[in-house]
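Residue-level listing of the chains:
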Amino acid sequence: MTQPTAGALLELSGVRKRYGQQVAVDDVSLALREGEFLTFLGPSGSGKTTTLMMVAGLQQPDAGSIILRGKAVDRLPPYKRDIGMVFQHYALFPHMTVRRNIAFPLEMRGTPKAEASRLVDEALAMVGLPHHGERLPRELSGGQQQRVALARAMVYRPALLLMDEPLGALDKSLREQLQLEIKRLHRERRMSVLYVTHDQSEALTMSDRIAVFNDGRIEQIGAPADLYERPASRFVAGFVGETNFLTGEALGRDGNGARVSLAGVAMPVSDRFLATPGSRVSVAVRPERVRLSTTGEGVPAELVDLIYLGNARRFVLRLAGGAEWTALMQADAAEASEIEPGQTVRVSWQGMHATAFPM
Amino acid sequence: MRGRAPDPRFWLLLPALLVLLVTFVLPVGGLLARAFTQPEPGFQNFALLWERPVYLQVIWNTVMISAAATPVALILGFPVAHAMAHGSPRTRRLLIFLVLIPFWTSLLVRSFATVILLQRRGPLNTLLMNIGVIDTPLPLIYNLTGVLLGAVQTLLPFVIFPLYSSMKRIDPSLMQAALTLGAGPVRAFLRVYLPLSLPGLMTGATLVFISMLGYFVIPALLGGPQETMVAQMIQDQIAQLGSWGVAGAMSFVLLAITAGLLALLHKLVGLKAVAR
Ligand SMILES: Nc1ncnc2c1ncn2[C@@H]1O[C@H](COP(=O)(O)OP(=O)(O)O)[C@@H](O)[C@H]1O
Ligand SMILES: [Mg+2]
């Protein structure tokens, strides 16, 4: 058994789950600190929901341990775990009014009537639906229903709030509005939240830390800036934020750092990963780190398209070798560069902004 | 005033409507009418039903036997419907197949098979005695037990399918939500699942009860004299006594009970919820 991490509200170690031959979750370990907003980010089918279900007690792990507030909960059924859960499709009880839905967890806990009624009022006000208590769920819009689900999962102040793609069924502007509301509630109530999404921008905006899932495993866990600036794998670099990739050959190190041969040009990369000279690597550069010039050093490329974004310009490039890249430039820098579509340019970057992943 | 031409699709319904009219509405209407016309116009047939305790007794038996079969069928059918609604597609196909098998054999054949199974020295009693559960054969036939055992197996599809259609509309995450909100499995079931399967329960109960009211073969083969039901009595009146008037009056009472129940159900849950 591993020792519990100090200050951890929830700790998973070596958790596995299989469905028949299909490995859904493979050796997941992580710790959630008190008051933290931790997000599971990953493509569909990567094991996020299954992991969340095991934390909730709705699925049993095949191996590993789950520790909540210092106690192993492996044998504890969901209704004794002191958690709240928000589902993607709201899961409101259709035969109960909004009030009765929100009062349900209080009733299950034997909260006295008057106290329960006060807490329900408070919860309704908290999610901005003070006058909707007597409605049935089907009489509300999707966004309102999810607010009610949020109120219901929070009204009894559970130790941990779980949310499985809670905004997945809503349209974009509503989603952004609710992202801010959930963040506000997290801040005001100092809740601990485990949040699931497959939307990387949602994860970046909302989270204190993000665990990137791929194929049932956690590829990397860290603050949004860590993931974005120092991705631990090619998968993370590609999944979190936008990235350009180019395959090349490792050249080794010199006084200024590591170098990689790309389309026959020696280009600088950070020395975070040490590849044996001669081995193939995949170099990743963020669009906003790409520099374009008409003269000097760099990988030759043709400017295919220039997209106007108002405050910025997006340059679509075809590099020697055929890879398509994009470069993002602020409006004034872009105008100063005076590059036109059809023109041949040189693509370059600072070594610290390029990562060469071994292949 | 000129009526609008009917929807052309109406003509497609016409053959079925005609068959119903000729083979159902007219003869049943005729039988019911005889309650008021034979042997002479008036209400004397109903007076007779009221005066002879045996008639009232049979009507009462019929209602009570049907009322006893209903909860048995619901309780047995509920878990089957649940497995059908929430199990894997394989489970669902298998169960639908099993539930439908009885429709492939004639009711008469099945009832005789049940007679053989349940009789004093039949396989069931022999088995129970051989494994030492009982010393003397259980009276499983020619009594209420026999009628209920025989009836319930034929009635199960009528509860299973309406329940299944209610249950498959219940989002499984509702039960998961109830569990995470602090409800144990029993309370989650009583507070969430059961109310949501109510339309199916009501439909199933009504279908079972109403079908059972008209049962003939099963009480005749599996019941004793105590379990004589209205349909048997109607048959006796016509085939043995030739009194079409009394038979008509009994049919009328049966129909009135059925209609009354449907009206009550409509008031309680709305036929719309049932027909959905
Ligand atoms: N109940 C289940 N039965 C069988 N396989 C399942 C079940 N739930 C999930 N899986 C499989 O486990 C893997 C992980 O699924 P899931 O945890 O739902 O991923 P995510 O939430 O990241 O989309 C997927 O390959 C999925 O097909
Ligand atoms: Mg999921």
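About the criteria used
- Residues numbered from 1 in each chain as written.
- Chains lettered and ligands numbered in written order.
- Predicted model: local features only at pLDDT ≥ 70, side-chain atom pairs only at ≥ 80, totals over all residues.
- Heavy atoms only, no water.
- Patch = residues over 30% accessible without salt bridge, like charges linked within 9 Å, V, L, I, M, F, W, Y side chains within 5 Å.
- Areas by Shrake-Rupley, 256 points an atom, 1.4 Å probe, with all protein chains shown as cover.
- Salt bridge = Lys/Arg side-chain N within 4 Å of Asp/Glu carboxyl O.
- Helix = DSSP H or I, 4+ residues; strand = E, 2+ residues; numbered from the N terminus.
- Core = buried A, V, L, I, M, F, W, Y, C linked by side-chain atoms within 4.5 Å.
- Buried < 20%, exposed > 50% of the residue type's maximum accessible area, 1.4 Å probe, protein only.
- Contact = heavy atoms within 4.5 Å.
- Buried area = accessible area lost by both parts, 1.4 Å probe.
- Near = heavy atom within 4 Å.
- Polar contact = N/O pair within 3.5 Å; in protein donor to acceptor, adjacent residues only side chain to side chain.
- Nonpolar A, V, L, I, M, F, W, Y, C, P; charged D, E, K, R; others polar.
- Phe/Tyr/Trp six-rings, centres within 6.5 Å; stacked < 30°, edge-to-face > 60°.
- Lys NZ or Arg CZ within 6 Å of the ring centre and 35° of its normal.
- Pairing = 2+ DSSP bridges.
- Axes fitted to C-alpha atoms, helices over the stretch in contact; angles between N-to-C directions.
- Parallel < 35°, antiparallel > 145°, perpendicular 65-115°, else oblique.
- Left-handed = near helix turned anticlockwise from the far one by under 90°.
- Domains from an automatic or database assignment.

Peer 1: How should I be thinking about a nonpolar patch on the surface in this particular structure?
Peer 2: A cluster of nonpolar residues, Phe-10, Trp-11, Leu-13, Leu-17, Leu-18, Leu-20, Leu-21, Val-22, Phe-24, Val-25, Leu-26 and Val-28 of chain B, forms a patch on the protein surface that exposes about 1100 Å² of accessible area. You can see Phe-24 of chain B is positioned in helix H1 (residues 10–37).

Peer 1: What am I meant to see in the nonpolar core here?
Peer 2: Nonpolar side chains in soluble globular proteins generally cluster together in the buried interior. Within the largest apolar cluster, 116 residues are counted, with the highest numbers of intra-cluster contacts made by Leu-160 and Leu-194 of chain A. Looking at this core element by element, the count peaks at 10 residues for helix H7 (residues 144–167) of chain B. Beyond its immediate chain neighbours, meaning those up to four positions away, Leu-160 of chain A contacts Leu-9, Leu-10, Leu-32, Val-55, Leu-68, Asp-82, Ile-83, Gly-84, Ser-192, Val-193 and Leu-194 of chain A. By size, the runner-up hydrophobic cluster in this structure holds 29 residues, among which are Ala-250, Leu-303, Ile-339 and Ala-356 of chain A.

Peer 1: I keep staring at the interface of chain B and chain A and nothing clicks. Help me out?
Peer 2: By a widespread convention, an interface's size corresponds to the accessible area lost as its parts come together. Opposite the 17 residues of chain B that make contact, chain A presents 23 residues. Roughly 1800 Å² is buried in total at the junction of chain B and chain A, and carbon and sulfur atoms are behind 68% of that figure. Among the residues of chain B in contact with chain A, Thr-180, Leu-181 and Arg-191 of chain B are the three that bury the most area, contributing 42% of the side total. For the pair chain B and chain A, the number of links is one salt bridge. The shortest N-O distance in the salt bridge between Glu-107 of chain A and Arg-191 of chain B comes to 2.4 Å. Elements supplying a minimum of two residues to the side of chain B that touches chain A: helix H8 (172–180) and helix H9 (185–196) of chain B.

Peer 1: Can you help me understand the site of ligand 1 in this one?
Peer 2: Residue and element names in this part refer to chain A. Around ligand 1, the surrounding shell consists of Tyr-19, Gln-22, Ala-24, Pro-43, Ser-44, Gly-45, Ser-46, Gly-47, Lys-48, Thr-49 and Thr-50. Between an oxygen atom of ligand 1 and a side-chain N or O atom of Lys-48, the distance comes to 2.8 Å. For ligand 1, the accessible surface in isolation is 560 Å², of which the surrounding protein chains cover 62%. Elements with a minimum of two residues in the shell around ligand 1: strand S2 (22–33) and helix H1 (48–56). If one sorts the elements of the shell around ligand 1 by residue count, H1 sits on top with three residues. Residues that form the shell around ligand 1 fall into these classes: three nonpolar, seven polar and one charged.

Peer 1: Would you mind showing me how to read unusual backbone geometry here?
Peer 2: Excluding glycine, residues mostly have negative phi values, and the peptide bonds linking residues are mostly trans. In this chain, Gln-38 of chain B is followed by Pro-39 of chain B through a cis amide linkage whose omega measures -5°. At Asp-82 of chain A, a position not held by glycine, the phi torsion is positive, near 60°. Along the chain, Asp-82 of chain A turns up in the loop between strand S5 (71–72) and strand S6 (83–86).

Peer 1: Any chance you could explain the packing of aromatic side chains here in plain terms?
Peer 2: Geometrically, a pair of aromatic rings is defined through the distance of the ring centres and the angle of the planes. All chains considered together, the criterion is met by 16 aromatic pairs over all chains. Between Phe-36 of chain B and Phe-252 of chain B, the ring centres sit 5.4 Å apart and the planes meet at 90°, which makes this aromatic pair edge-to-face. Of this pair, Phe-36 of chain B sits in helix H1 while Phe-252 of chain B sits in helix H13 (residues 244–269), and the two are 216 residues apart along the sequence. By relative accessible area, Phe-36 of chain B is classed as partly exposed at 26%. Residue classification places Phe-252 of chain B among the partly exposed positions, given a relative accessible area of 33%. When the centroid spacing of 5.5 Å and the interplanar angle of 75° are considered together, the rings of Phe-97 of chain B and Trp-104 of chain B count as edge-to-face. Within the aromatic cluster, the residues linked to one another by ring pairs are Phe-36, Phe-43, Phe-46 and Phe-252 of chain B. When the ring centre of Phe-245 of chain A is taken as reference, the NZ or CZ atom of Arg-234 of chain A above it lies at 3.8 Å. The ring of Tyr-164 of chain B is capped by Lys-168 of chain B, whose NZ or CZ atom sits 5.2 Å from the centre of that ring.

Peer 1: Looking at this model, I keep getting lost on the side chain of Arg-209 of chain A. Mind explaining?
Peer 2: Position of Arg-209 of chain A among the secondary structure elements: in strand S9 (residues 209–214). The contact partners of Arg-209 of chain A, leaving out residues within four places of it in the chain, are Ala-31, Leu-32, Arg-33, Glu-36, Phe-37, Leu-38, Thr-39, Ile-221, Gly-222 and Ala-223 of chain A.

Peer 1: So what exactly am I meant to see when it comes to the pattern of salt bridges here?
Peer 2: Should their charged atoms come close, side chains of opposite charge can pair. All told, the structure shown has 20 salt bridges over all chains when counted by the stated rule. Bridged by salt links that share partners, the residues Glu-115, Arg-118, Glu-122 and Arg-189 of chain A form one connected network.

Peer 1: What's the story with the pairing of strand S16 (residues 299–308) of chain A in this structure? I'm lost.
Peer 2: The side chains of a regular strand alternate, first on one face of the sheet and then on the other. Residues and elements named next belong to chain A. Examined bridge by bridge, S16 and strand S19 (residues 344–348) share four bridges and lie antiparallel to one another. Bridging across to S19, Ala-301 finds its partner in Val-345. Summarising the sheet, S16 and strand S17 (residues 312–319) pair through seven bridges and their orientation is antiparallel. Bridge pairing links Leu-303 to Leu-317 in S17. Linkage of S16 to S17, two consecutive antiparallel strands, is achieved through a turn of three residues, within which Gly-310 is found at a positive phi near 85°.

Peer 1: I keep staring at the packing of helix H4 (residues 89–100) of chain B against H7 of chain B and nothing clicks. Help me out?
Peer 2: What describes two packed helices is the angle between their axes and the distance between those same axes. All names here are of chain B. In contact at an axis separation of 10 Å, H4 and H7 are set at 150° when each is read in the N-to-C sense. The angle between H4 and H7 falls in the class roughly antiparallel. Considering how the two elements wind past one another, H4 and H7 form a crossing that is left-handed. Residues Arg-92, Ile-96, Val-99 and Leu-100 of H4 pack against Pro-157, Ile-160, Phe-161 and Tyr-164 of H7. Tallied by class, residues from the contact of H4 with H7 come to seven nonpolar, no polar and one charged.

Peer 1: What exactly am I supposed to notice about the domain arrangement of chain A here?
Peer 2: Residues and elements named next belong to chain A. Structurally, chain A comprises domain 1 (8–237) and domain 2 (242–358). Centre-to-centre, using C-alpha coordinates, domain 1 lies 39 Å away from domain 2. Counting from both sides, the interface comprises nine residues of domain 1 and, opposite them, 10 residues of domain 2. By the criterion of area lost to domain 2, the three top residues of domain 1 are Tyr-228, Arg-234 and Ala-237, representing 63% of everything that side buries. Its salt-bridge partner being Arg-289, residue Glu-229 comes within 3.6 Å of it at the nearest N-O pair. Applying the counting rule to domain 1 against domain 2 returns six residue pairs in polar contact (both at pLDDT 80 or more). Elements with a contribution of two residues or more to the side of domain 1 that touches domain 2: helix H7 (224–229) and helix H8 (234–239). In terms of residues, the side of domain 1 that touches domain 2 owes the most to one element, H7, which gives three residues. Split into classes, the residues belonging to the side of domain 1 that touches domain 2 amount to five nonpolar, one polar and three charged.

Peer 1: Hey, could you run me through the pairing of strand S3 (residues 37–41) of chain A in this one?
Peer 2: Most of S3 of chain A is tucked away: five of the five residues are buried. Neither face of S3 of chain A is left uncovered, since the one carrying Phe-37, Thr-39 and Leu-41 of chain A and the one carrying Leu-38 and Phe-40 of chain A both have all their residues buried.

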